[in-house]
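# Examining the three-dimensional arrangement
Listed below are the residues making up each chain.
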Amino acid sequence: MKIDFDTNVFPLFHPQSVDDLKDPCPVFDGRLWHVFGSSGTVTTETWRILHATAPDLYGPWIEHEAIELPINGTGVAAPGVIHESGVFHMFIQTEFMKSGGRCEHAVSNDGFHWVVLSPAILAIPDTEEDGIYDPHPAVIGGKRYLVYSAMPKFNRVPQPDIYLARSQSDSWFGPWKRIGKILDHADVPHHNTREDPDYEWGIEGAQLVELPDGRVLLNATCFLPNGLRGNRQRVFFAIADEVAGPYVSIGPVLEPGQPGENGHSTVMIEGSQLSLFYQSRVAATDHRWRYGLARCDVALFSKVA
């Protein structure tokens, strides 16, 4: 299904002192917009936790000092953040290119100063969740969930699918009950297969949001089975009647418009409008990752059976 976005602004801004901006998660605190993400460089896969604020999603965005958390890992990045009852809750990965990893939980009253609590979810060695990353919180049907990528051990590159956990305390403090896999490679016909000799990566960057009609929209990143590397990553949407699925993909929803690709994004629905805050790299940005913002009428999804 082709999504006709009414507006698409890219790039929203250029970073002050790093090469790349990835994994955006915008959050409104009732006064300001905050965007949390990963800032650094894909050259060495070195990342810090981005924090920027703006009066409006379109900016102007002010970058602040990177958030420092007392968390160990080689891939501490890709925060998924939600603001509820005056508190920011951040769920963040510790690894993404190797086995192991934790979904850490941190809280803040202002988005600047954070306290790290006990981990929400840990990888389970020698299972399909031998490695976990890209956690993102969601409220669906009044219940609190974490959606994340998980993968078995691998020889070449990670091959993650999408998994789900539900809070058993009806709060962001857990404990978290694993529901299991909700989207597999085989469920996404426009994604490279595990057996592809030019396999690039698995399904990642997932997020869940409730549509006005009660169905669930899954927003995630796939890798097309064809094309040159550096041009195969795409944002795609899938829809289900229930939070645990089954999900049916409606396909990639946003084309770069020039040589390049797009990926890890966050969807927000306000009234009749759906906003897609995404990452992309194209020839015009010298193939450096930047953020973009596209908007469409949420009523478009009522046409999807």
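Anyway, here's the lowdown on the structure attached to this text. Quantities reported herein were computed from a predicted structural model and do not represent experimental measurements. (Residues numbered from 1 in each chain as written. Predicted model: local features only at pLDDT ≥ 70, side-chain atom pairs only at ≥ 80, totals over all residues. Heavy atoms only, no water.)

### Considerations on the layout of surface pockets
The condition that has to hold: Two kinds of site are reported from a 1 Å grid over the protein atoms alone, namely cavities, where a 1.4 Å probe fits but cannot get out, and pockets, open sets with protein on both sides within 12 Å along at least five of seven lines, and residues are called lining when an atom falls within 4 Å of a point. Grid points are joined across faces, edges and corners, and a volume is the space filled by probe spheres set on the points. Secondary structure is summarised from DSSP: a helix means a run of H or I of at least four residues, a strand means a run of E of at least two, and numbering begins at the N terminus for each. Side-chain classes are defined by residue name, with Ala, Val, Leu, Ile, Met, Phe, Trp, Tyr, Cys and Pro counting as nonpolar, Asp, Glu, Lys and Arg as charged, and the others, Gly among them, as polar.
Estimates place the volume of the largest pocket at around 490 Å³. Around the largest pocket sit 22 residues that line it, and Ile 82, Gln 207, Val 209, Val 267 and Met 268 are the ones nearest its centre. Listing elements by their share of the lining of the largest pocket, those giving two or more residues are strand 2 (20-28), strand 6 (77-84), strand 11 (131-140), strand 15 (204-210) and strand 19 (260-270). Taken together, the residues of the lining of the largest pocket sort by class into 16 nonpolar, 4 polar and 2 charged. Here the second largest pocket defines a volume of roughly 410 Å³.

### Quick word on the side chain of Asp 184
The cut-off we apply is this: Classification of residues uses two cut-offs on accessible area relative to the type maximum, computed with a 1.4 Å probe and protein chains only: under 20% is buried, over 50% is exposed, and between them is partly exposed. Whenever a nitrogen or oxygen atom comes within 3.5 Å of another N or O atom, the pair is scored as a polar contact, on the condition that within protein one atom can donate a hydrogen and the other can accept it, and that pairs from neighbouring residues in sequence are kept only if both atoms are in side chains. By the convention used here, residues are in contact when the closest approach between their heavy atoms is within 4.5 Å.
Here Asp 184 shows up in the loop between strand 14 (176-183) and strand 15. Judged by relative accessible area, which is 19%, Asp 184 ranks as buried. Only 3.4 Å separates the side chain of Asp 184 from the side chain of Arg 194, close enough to count as a polar contact. Every residue in contact with Asp 184, bar those within four places of it in the chain, is listed here: Asp 161, Arg 194 and Ile 203.

### Some points on the sheet that holds strand 17 (residues 233-240)
Here is the rule: DSSP calls a pair of strands paired once it identifies at least 2 bridges connecting them. Interaxial angles span 0 to 180 degrees and are taken between N-to-C directions of axes, which are lines fitted to C-alpha atoms, for helices over the stretch in contact.
With antiparallel pairing, the 4 strands of this open sheet are ordered in space as 15-16-17-18. Each edge of the sheet is formed by a strand with only one pairing partner; in this case those strands are strand 15 and strand 18 (248-252). On average, each strand axis in the sheet is inclined to that of its neighbour by 25°, with strand direction left out of account. Alignment of strand 16 (residues 216-223) against strand 17, held across 8 bridges, turns out to be antiparallel. Paired with Asn 219 across the strands is Phe 237, a residue of strand 17.

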